[in-house]
Amino acid sequence: MDSRLHFQVEARAAGSEARAARFRTLHNEVLTPLFMPVGTQATVKAQLPQTLEDAGSQILLANTYHLLLRPGLDVFRRMGGIHEFMSWKRSVLTDSGGYQIFSLPHSRSLTEEGAVFQSYTDGRTILLSPEVSIGAQVAIGSDIMMALDQCVASTAEEGVARAALELTHRWAARSLAARAGSPQAMFAIAQGALFPALRRESALRLAEMPFDGFAIGGLAVGEGKSEREEICAFTAGLLPADKPRYLMGVGTPLDILEAVHRGVDMFDCIIPTQVAQRGGVFTSRGYLQLRRGVYKFSGEPLDPACGCPTCRRYSRAYLHHLTKTRETLGWQLLGKHNIHFYHRMMRDIRASILSGTFLSLYHEKRATLHEDDLDNPVLAQKPKPPKRQALGNYEIHAAWEGFSSIRHIGSGEIMHSRTPPMEEAQSLYVEQSRLSERLSQQAADPLVIWDVGLGAGANAMAAIACYECGAPPARGLHIVSFENDLDSLRLAFRNNDQFRYLRHSAPAGILKDAAWQSKTHQKLAWTLVEGNFLETLGSAPLAPDIIFYDMFSGKTNAEAWTPQAFLSIFSACRGRGVELITYTCSTASRLAMLAAGFHVARGRSAGKKTETTIALTPLAVRAGHELLAADWLGKWRRSSARFPADLPAADHSAWEAAILGHGQFQHLGKASAGGALVSGAPQGSVLL
Ligand SMILES: [Zn+2]
């Protein structure tokens, strides 16, 4: 039968379907079995054409659909085809776009005529018919064109698979007709999913048409490895022996070895460059993942048996570093090695077929190709438990809105549940405390923030971010964080890909030394006081100007919201103007603050709360605060939380009188004398 490739089988392996052959394209003589690197966009990702030539690439694969959209066919027509355009002197095989009909099912509609796509580059509507596909491949100027096919999932039902197969056969005939007199070779694609009868019908029907080679399509799209190998062997056996056989999109070195054994000559796959981008390399000693710490100090080459430019020049330690830092050079160097590895394996296979030793090579490689690094075994042979992101009493909570926060496992309480942690910290604490404005005012002493309930560090980091953005503030800032359980910060810090605000030297310093001093801002410091806040606040290094009060709620931590707790805080603020900002707006908490001597104002809304609370020492009260007034008192008097739960009934009237007598409400004209309800209450300023 007439063929544009002059395909000649040179040798067949005994005890195997493997064969060595050669054929001639418009650009070079091709030796099989061979591997074709994938150059979707007329470039093999991160590799120079020269590198590919040196590695022994004979044919590159390019994607018609992508090149049709960009740069467009006129570019190929005017630049003299893809070889001129990308400076590649050897062969190019173009796929037909059939795979995109399969893989982009939601962006196209399919008819007998072809598939209609919406272009992803400019929204144009594009009809991909056999005639358009072949016209495009002619313009691109590939050596081997593929007929347009309809690929279905290998797990498709028989009716669906049959319909796709019949359409593929009609399109195959139209593709051949569309080639007309072009000297370019063309392959057909046999379909049939996992149904042997359909595979047989497809192989035999297409073999009757004058194609120059045949591809086994519709594999590596959902089936298992053994099913693929079975169908591959079955189909290869039905295809003409005097034409090349091409298994599309397959695969790992081991997959390729298995398919050669079953009679396939040609392969393409993105794996060598794709795994390189993620730090993976194939070597004679197994598959290496360069991100692993075992290579950090390794002066060895990637593969002692490899003579590629990467292995000749660079150590595993350097490649490990490039991988960890995601440098593109790492991707390039690892990809270069992988392409060398694939091509060398294909040459070894070919040589063994020619010398009659394929079967022993097959058994030897089969035993090692699936291995991970044989010399530095991956110890986690034990099944890995699903990665639960938890530490101590805390776990990471993923909000459906797409951000992460920390959940207290015991109570289920989530820190910043409704709004990303930094946004909430910024709005509730940084903006309400007018931090930026206050830092711009000259003062000898630093402004001091007590960050009560450090948690995962969002409030402190929001304050630091406020300090660090823009010109250095006039005033220094010292944050004093209080926390009794650092596990929440540790957990978030370890997962700082989800808590990006912690990618900063400050939390590292806090976790390591309980203190941090900025190297870039001399007057910015952070100190941690570990332990129960109410027990440690007396020994805090500095008295506060602002308090971010972000303790767990009264349900989880009742102690933090009692009148006694606020009295301790009020005492620590003696003589200072201090604003205490907190997320709650509960009547009980506000009463506790009032009872302790604070003035209490409404804060802005946050998350699902329509308002929050700002407690103020009398010196901090400004015109801008919206102090609770008569309307709140009215609500309080009707409220079930009118008195603290543990207050004896005998003290109720004294409590009520004390609240009504608070200085904040004096101007309302309801003054009455108050009695002390909390022992040790400060004199003068407040009731109690
Ligand atoms: Zn190498």
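Residues numbered from 1 in each chain as written. Predicted model: local features only at pLDDT ≥ 70, side-chain atom pairs only at ≥ 80, totals over all residues. Heavy atoms only, no water.

> Can you help me understand the overall build of the protein chain in this one?
Counting secondary structure elements, the protein chain contains 25 helices and 28 strands. For a compact globule of 688 residues, the expected C-alpha radius of gyration is about 26 Å, and the protein chain comes in at 36 Å, more than 25% above that figure. When the backbone C-alpha atoms are referred to their principal axes, the protein chain occupies close to 115 × 55 × 50 Å. Per-residue burial for the protein chain yields a buried fraction of 54% across its 688 residues. In the protein chain, of all internal contacts separated by at least 6 residues, the share reaching a separation of at least 24 is 68%. Once the 71 positive and 66 negative side-chain charges of the protein chain are each reduced to a mean point, those two points are 3 Å apart. (Helix = DSSP H or I, 4+ residues; strand = E, 2+ residues; numbered from the N terminus. Rg over C-alpha atoms; globule rule 2.2 N^0.38 Å. Buried < 20%, exposed > 50% of the residue type's maximum accessible area, 1.4 Å probe, protein only. Contact = heavy atoms within 4.5 Å. Lys, Arg positive; Asp, Glu negative; His and termini not counted. Charge placed at Lys NZ, Arg CZ, Asp CG, Glu CD.)

> Before we go on, may I ask you to explain the environment of Ser-154 in this structure?
For Ser-154, the position within the fold is in the loop between β10 (144–146) and α7 (158–179). Counting along the chain gives 301 residues from Ser-154 to Gly-455, while the straight-line C-alpha distance between them is 50 Å. The contacts of Ser-154, once residues within four sequence positions are left out, are Ala-193, Leu-194, Gly-218, Val-221, Gly-222 and Glu-223.

> How should α7 be read in this particular structure?
Because the α-helix completes a turn every 3.6 residues, residues three or four places apart line up on one side. Over its 22 residues, α7 runs 31 Å from end to end, which matches the ideal 32 Å to within 8%, given 1.5 Å per residue. Taken together, the buried positions of α7 are occupied by Ala-161, Ala-164, Leu-165, Leu-167, Thr-168, His-169, Trp-171, Ala-172, Ser-175, Leu-176 and Arg-179. Elements that come into contact with the buried residues of α7 comprise α5 (98–103), β7 (108–110), α6 (130–140), β10, β11 (185–190) and α8 (196–207). The positive-phi residue at the C-terminal boundary of α7 is Ala-180, with phi of around 50 degrees. (Expected span 1.5 Å × (residues − 1).)

> How should the sheet that holds strand β2 (residues 19–24) be read in this particular structure?
Sheets are built from strands that pair by backbone hydrogen bonding, the pairs being arranged parallel or antiparallel. Spatially, the three strands line up as an open sheet ordered β1-β2-β3, and their pairing is antiparallel. Edge strands, defined here as strands with exactly one partner in the open sheet, are β1 (8–12) and β3 (29–32). Shown here is a sheet whose adjacent strand axes are inclined to one another by a mean of 15 degrees, direction ignored. For β1 and β2, the ladder comprises four bridges, and the chain directions are antiparallel. Along β2, the bridge assignment pairs Gln-8 with Arg-22. (Pairing = 2+ DSSP bridges. Axes fitted to C-alpha atoms, helices over the stretch in contact; angles between N-to-C directions.)

> Help me out: how do you make sense of the coordination of the zinc ion in this one?
For a metal with four tetrahedral donors the ideal donor-metal-donor angle is 109.5 degrees, while six octahedral donors give ideal angles of 90 or 180 degrees. Around the zinc ion, the protein supplies Cys-306 (SG), Cys-308 (SG), Cys-311 (SG) and His-337 (ND1) as donor atoms, at distances of 2.0 to 2.3 Å. Here the zinc ion binds four donor atoms, and the angle range of 102 to 117 degrees at the metal identifies the geometry as tetrahedral. For the zinc ion, the donor residues sit on a single chain with the sequence spacing C-x1-C-x2-C-x25-H. A residue pair is termed long-range when its members are at least 10 positions apart, and Cys-311 in helix α12 (residues 309–313) and His-337 in helix α14 (residues 328–354) qualify at 26 residues. (Donors = N, O, S within 2.8 Å, 3.2 Å for Na, K, Ca; no water. Tetrahedral: all angles 85-135°; square planar, octahedral: opposite > 155°, others 65-115°.)

> What is the right way to read the packing of helix α10 (residues 253–261) against α14 from this model?
Helix packing for two helices is described by the angle between their axes and how far apart those axes are. Interhelical geometry of α10 versus α14 gives an angle of 25 degrees and a closest axis separation of 11 Å. Between α10 and α14, the angle is such that the two are roughly parallel. Read as a crossing pair, α10 and α14 show a hand that is right-handed. Facing α10, whose interface residues are Pro-253, Ile-256, Leu-257 and Val-260, α14 presents Phe-341, Tyr-342, Met-345, Met-346, Ile-349 and Ile-353. (Parallel < 35°, antiparallel > 145°, perpendicular 65-115°, else oblique. Left-handed = near helix turned anticlockwise from the far one by under 90°.)

> Even after reading the chapter, I still don't get the pairing of strand β12 (residues 213–216), so can you show me in this structure?
Strand residues, when the strand is regular, have side chains that alternate between the two faces of the sheet. Across the two faces of β12 the burial is the same, with Gly-213 and Ala-215 and Phe-214 and Ile-216 all buried. Alignment of β11 against β12, held across four bridges, turns out to be parallel. Residue pairing across strands places Ile-189 opposite Ala-215, the latter belonging to β12. Note that the unit made of β11, α8 and β12 has a crossover that is right-handed. Where β12 and strand β13 (residues 245–247) come together, three bridges link them in parallel fashion. Each residue of the ladder has a partner; that of Ile-216, found in β13, is Leu-247. At this point the chain moves from β12, through helix α9 (residues 225–238), to the parallel β13, and the crossover so formed is right-handed. (Right-handed = clockwise from strand over helix to strand, strands pointing away.)

> How do you make sense of helix α15 (residues 358–368) when you look at a structure like this?
Of all the residues in α15, the buried ones are Phe-358, Leu-361, Tyr-362 and Lys-365. Buried positions in α15, seen along its axis, are confined to an arc of 100 degrees and lie on one side of it. In this fold, the buried residues of α15 make contact with α10 and α14. (Arc of directions from axis to C-beta.)

> Quick question: what am I supposed to make of empty space enclosed by the protein here?
Tallied over the full model, the rule gives three cavities of 30 Å³ or more. As for the largest cavity, its lining consists of Lys-225, Arg-228, Glu-229, Cys-232, Leu-247, Val-250, Asp-255, Glu-258, Ala-259 and Arg-262. Those elements that place two or more of their residues in the lining of the largest cavity are α9 and α10. If one sorts the elements of the lining of the largest cavity by residue count, α9 sits on top with four residues. Looking at side-chain class alone, the lining of the largest cavity contains four nonpolar, no polar and six charged residues. Taken as a whole, the second largest cavity holds about 40 Å³ of empty space. Mapped by element, the contributors of at least two residues to the lining of the second largest cavity are β5 (59–62) and α4 (81–86). Here the element with the most residues in the lining of the second largest cavity is β5; it accounts for three residues. A class-by-class count of the residues in the lining of the second largest cavity yields eight nonpolar, two polar and no charged. (1 Å grid on protein atoms, 1.4 Å probe; cavity = no way out; pocket = protein on both sides within 12 Å on 5 of 7 lines; lining within 4 Å. Points joined across faces, edges and corners; volume = space filled by probe spheres on them. Nonpolar A, V, L, I, M, F, W, Y, C, P; charged D, E, K, R; others polar.)

> Could you clarify how one ought to interpret the layout of surface pockets in this entry?
If a probe the size of a water molecule is rolled over the atoms, the empty space left behind becomes visible. When its volume is computed, the second largest pocket comes out at roughly 660 Å³. Taken together, 34 residues make up the lining of the second largest pocket; nearest its centre are Asn-63, Tyr-99, Gly-249, Asp-268 and Ile-270. Elements with a minimum of two residues in the lining of the second largest pocket: α5, β14 (266–269) and α11 (271–277).

> Mind showing me how you'd approach a positive patch on the surface here?
On the surface, Arg-291, Lys-296, Lys-324, Arg-326, Arg-500 and Arg-503 cluster together to form a positively charged patch. Its location among the elements puts Arg-500 in the loop between α19 (487–494) and α20 (505–513). Given the relative accessible area of 53%, Arg-500 is considered exposed. (Patch = residues over 30% accessible without salt bridge, like charges linked within 9 Å, V, L, I, M, F, W, Y side chains within 5 Å. Areas by Shrake-Rupley, 256 points an atom, 1.4 Å probe, with all protein chains shown as cover. Salt bridge = Lys/Arg side-chain N within 4 Å of Asp/Glu carboxyl O.)

> Any chance you could explain the nonpolar core here in plain terms?
Across soluble globular proteins, nonpolar side chains have a tendency to be buried as a group. Core analysis: the biggest nonpolar cluster contains 87 residues, and Leu-435, Trp-450, Leu-477, Trp-526, Tyr-549, Phe-566 and Ile-569 have the highest contact counts within it. Counting residues per element, this core draws most heavily on helix α18 (residues 458–468), which supplies eight residues. In this structure, Tyr-549 is in contact with Tyr-429, Val-452, Phe-533, Ala-560, Trp-561, Phe-566, Ile-569, Leu-580, Ile-581, Thr-582 and Tyr-583, ignoring residues within four places of it in sequence. Counting residues in hydrophobic clusters, the runner-up holds 49 residues, among them Ala-13, Ala-18, Ala-259 and Tyr-362. (Core = buried A, V, L, I, M, F, W, Y, C linked by side-chain atoms within 4.5 Å.)

> Looking at this structure, how should I read the packing of aromatic side chains?
Two aromatic rings, taken as a pair, are described by how far apart their centres are and by the angle between their planes. Under the defined criterion, the tally for this structure stands at 24 aromatic pairs. Consider the rings of Trp-450 and Phe-482, whose centres lie 5.0 Å apart with planes at 65 degrees: the pair is edge-to-face. Placement of Trp-450 in strand β20 (residues 447–452) and of Phe-482 in strand β21 (residues 477–483) is noted, with a sequence separation of 32 residues between them. Plain terms: the ring middles of Phe-533 and Tyr-549 are 6.1 Å apart, the flat faces sit at 65 degrees to each other, and that makes the pair edge-to-face. Linking Phe-533 in helix α21 (residues 533–536) with Tyr-549 in strand β24 (residues 546–549), this pair joins segments that are 16 residues apart in sequence. Here the two residues Phe-533 and Tyr-549 agree in accessibility, since each one is buried. Among the aromatic side chains, those forming a connected cluster through ring pairs are Trp-450, Phe-482, Phe-533, Tyr-549, Trp-561, Phe-566 and Tyr-583. (Phe/Tyr/Trp six-rings, centres within 6.5 Å; stacked < 30°, edge-to-face > 60°.)

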